[in-house]
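Results of the structural survey
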Amino acid sequence: MQEKGKVIFLNGPSSVGKSTLAKKLQIILPDIFYLMAIDQYQIEIVPPKGVFLELDVHEQSKEMFYHAVELHLSKGFNLIIDDVVDSLDYYQYVGERLKGSSVFWVRLNCSLKTLLLREEKRKDREADFDNVKMQYKNIFPKEGYQIVIDSEYVSADDNAMTIREGYYNDKI
């Protein structure tokens, strides 16, 4: 039986630096990790009018995304997952999808002021300040991560090294 892939899960609000950090991790990790980012998945599948198969785009795309995650893990692929978990229900849903895989949970933090400035400068999508504020307030869980990262005062390179060290020390 194929061993399930391992997961480094980056959780934090939009514009906190998850995607940048994930790309840095892919470069410095000695094992191969594939990046699966919920926002990029949603951007790629949603047609310009925002309707996907006449279903609620946001909820249905999460379900499809995590089916893809489960498939990759079942084939032994290691993943860096870039997502925003903002409720107990969604946390439990994600936990069920990742069941049987080793998951290294990382929370990314920075101030709301910095998040809003970063959101304003994004070029990959339209800024959504209300959503950022809601995510900032509701990130779940509040504690229980293997590592909590400060993306405001610490560089993505340094944070990637911290995660690498923590991930491999945790696996020993």
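Up top is the structure these notes are about.
Attention in this report is confined to the structure presented alongside it. (Residues numbered from 1 in each chain as written. Predicted model: local features only at pLDDT ≥ 70, side-chain atom pairs only at ≥ 80, totals over all residues. Heavy atoms only, no water.)

Time to look at the layout of surface pockets. Its boundaries defined by the atoms lining it, the largest pocket holds a volume of some 980 Å³. In this structure, the largest pocket is lined by 41 residues; those nearest its centre are Ser-14, Asp-39, Arg-122, Asp-124 and Arg-125. Those elements giving two or more residues to the lining of the largest pocket turn out to be α1 (18-28), α2 (38-45), α3 (57-74), β3 (79-83), α6 (129-138) and α7 (156-171). A breakdown of the residues in the lining of the largest pocket according to their chemical character gives 14 nonpolar, 14 polar and 13 charged. (1 Å grid on protein atoms, 1.4 Å probe; cavity = no way out; pocket = protein on both sides within 12 Å on 5 of 7 lines; lining within 4 Å. Points joined across faces, edges and corners; volume = space filled by probe spheres on them. Helix = DSSP H or I, 4+ residues; strand = E, 2+ residues; numbered from the N terminus. Nonpolar A, V, L, I, M, F, W, Y, C, P; charged D, E, K, R; others polar.)

Mapped onto the elements of the fold, Asp-83 is located in strand β3. The side chain of Asp-83 is buried and forms no salt bridge, while Lys-62, the nearest opposite charge, is found at 6.5 Å. At 2.6 Å, the side chain of Asp-83 forms a polar contact with the side chain of Tyr-66. Reaching out from Asp-83, the side chain makes a polar contact with the side chain of Tyr-90 at a distance of 2.5 Å. (Buried < 20%, exposed > 50% of the residue type's maximum accessible area, 1.4 Å probe, protein only. Lys, Arg positive; Asp, Glu negative; His and termini not counted. Salt bridge = Lys/Arg side-chain N within 4 Å of Asp/Glu carboxyl O. Polar contact = N/O pair within 3.5 Å; in protein donor to acceptor, adjacent residues only side chain to side chain.)

For the rest of this paragraph, the subject is α1. Within the sequence span of α1, burial applies to Lys-18, Leu-21, Ala-22 and Leu-25. Burial along α1 is one-sided: seen end-on, the buried residues are contained in an arc of 105°. (Arc of directions from axis to C-beta.)

If the charged atoms of two oppositely charged side chains come close together, the side chains can form a pair. In total, this model carries 5 salt bridges according to the counting rule given. Between Lys-24 and Asp-157 there is a salt bridge; the shortest N-O distance is 3.2 Å. You can see Lys-24 sitting in helix α1 and its partner Asp-157 sitting in helix α7, a full 133 residues away along the chain. Residue class for Lys-24 comes out partly exposed when judged on its relative accessible area of 28%. Given a relative accessible area of 45%, Asp-157 falls into the partly exposed group. Between Asp-39 and Arg-122 there is a salt bridge, with its nearest N and O atoms 3.8 Å apart. Of this pair, Asp-39 sits in helix α2 while Arg-122 sits in the loop between α5 (112-121) and α6, and the two are 83 residues apart along the sequence.

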